[in-house]
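The residues making up each chain are set out below.
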Amino acid sequence: MSLPEREPTVVVDDVHIVYRVHGAGSGKGSATSALSRIISRRKSPSIREVHAVRGISFTAYRGEAIGLIGSNGSGKSTMLAAIAGLLPTERGGIYTNGQPSLLGVNAALMNDLTGERNVVLGCLAMGMTPTQVRRRYDDIVEFSGINDKGDFISLPMRTYSSGMAARLRFSIAAAKTHDVLLIDEALATGDQAFQKRSEDRIRELRKEAGTVFLVSHNNNAIRDTCERTIWIEQGELIMDGPTDRVVRAYEKGERP
Ligand SMILES: Nc1ncnc2c1ncn2[C@@H]1O[C@H](COP(=O)(O)OP(=O)(O)OP(=O)(O)O)[C@@H](O)[C@H]1O
Ligand SMILES: [Mg+2]
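- An unreviewed UniProt entry lists the protein chain under the name ABC transporter ATP-binding protein, with Kitasatospora camelliae as the source organism.

Structure (structure tokens):
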């Protein structure tokens, strides 16, 4: 028997991403200039550019769970949104094998609908058949733990705490096997018990042969779930390698 080949799922090739902020002014943020602008009703026509990702390259393989770390504003969420296909690249290319799902966006829940309806609609939106939804429904609700403190699943989402809503969102997304699952700090909102459960589920999803990206400021969550980690600062890739080595360098602030 030959060794299984490593199958690339995401190839990021020298990617640059630039946000364009319209009407952001010239950058002179003084109160008097703002006041005179308001009084004269002059709209500043300028466009400010934010170069959020600057030439990042890496390849992810099937079965990998990859942590993305870096300080606030370093470009982690931008990178995930670009892999999900939600942001255009200025330069370079992103190639994915399979459908990437960004947790929290793909399962955009509706506040006025009950948790129950959101589970069903969320699953259908992810491409599950009604039969599959019926079969998975109880597991999703149980995993979310929404009903632990009473019959909340039949109440509208707007009555949920932010942690409860995040748990339901994660539970819906985690019900399906994803080719490429992108998770942006979704775990941070749940309580201890739920965090533990979601980490276990990420490990399962990984075994089910997808690729998982996890953005988190919780280095232990990264250590527990990812064997590989990418460290980004100011839109540039600082380090890419085994989690223990990269996270240790990040914690010590030691750049290679
Ligand atoms: N919609 C936007 N318009 C303009 N600039 C943006 C936008 N979103 C992010 N940025 C800028 O892009 C850069 C990277 O932001 P990003 O949200 O990717 O950082 P992050 O690493 O996810 O940070 P955090 O750890 O705080 O979540 C920052 O300088 C930020 O100000
Ligand atoms: Mg972010």
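### A look at the site of ligand 1
So, step 1. As a matter of local geometry, ligand 1 sits amid Tyr19, Val21, Val50, Ala52, Gly70, Asn72, Gly73, Ser74, Gly75, Lys76, Ser77 and Thr78.
So, step 2. Elements represented by at least two residues in the shell around ligand 1 include exactly β1 (8-22), β2 (47-61) and α2 (76-83).
So, step 3. Per-element tally for the shell around ligand 1: the top contributor is α2, with three residues.

### Digging into helix α6 (residues 192-207)
The α-helix winds at 3.6 residues per turn, so residues separated by three or four positions along the chain end up facing the same way.
So, step 1. Compared with an ideal rise of 1.5 Å per residue, which puts 16 residues at 22 Å, α6 spans 23 Å between its outermost C-alpha atoms and is within 8% of the ideal.
So, step 2. The set of residues buried in α6 consists of Phe194, Ser198, Ile202 and Leu205. The arc enclosing the buried residues of α6, seen along the axis, measures out at 85°, which places them on a common side. Projecting away from the buried face of α6 at angles above 90 degrees are the exposed residues Gln192, Ala193, Asp200, Glu204 and Lys207.
So, step 3. Elements in contact with the buried residues of α6: β3 (65-69), α5 (162-174), β6 (180-184), β7 (211-215) and α7 (219-225).

### Describing the environment of Ile230
So, step 1. Turning to its location among the elements, Ile230 is positioned in strand β8 (residues 228-233).
So, step 2. Judged by local crowding, Ile230 falls into the buried class, with 25 C-beta atoms found within 10 Å.
So, step 3. Through-space distance from the C-alpha of Ile230 to that of Arg135 is 37 Å; in sequence the pair is 95 residues apart.
So, step 4. Not counting residues up to four positions away in its chain, the partners in contact with Ile230 are Phe58, Ile66, Leu68, Leu237 and Asp240.

Cut-offs and rules
- Residues numbered from 1 in each chain as written.
- Chains lettered and ligands numbered in written order.
- Predicted model: local features only at pLDDT ≥ 70, side-chain atom pairs only at ≥ 80, totals over all residues.
- Near = placed C-beta within 6 Å.
- Helix = DSSP H or I, 4+ residues; strand = E, 2+ residues; numbered from the N terminus.
- Expected span 1.5 Å × (residues − 1).
- Buried ≥ 20, exposed ≤ 12 C-beta atoms within 10 Å, placed from the backbone.
- Arc of directions from axis to C-beta.
- Contact = placed C-beta atoms within 7 Å.

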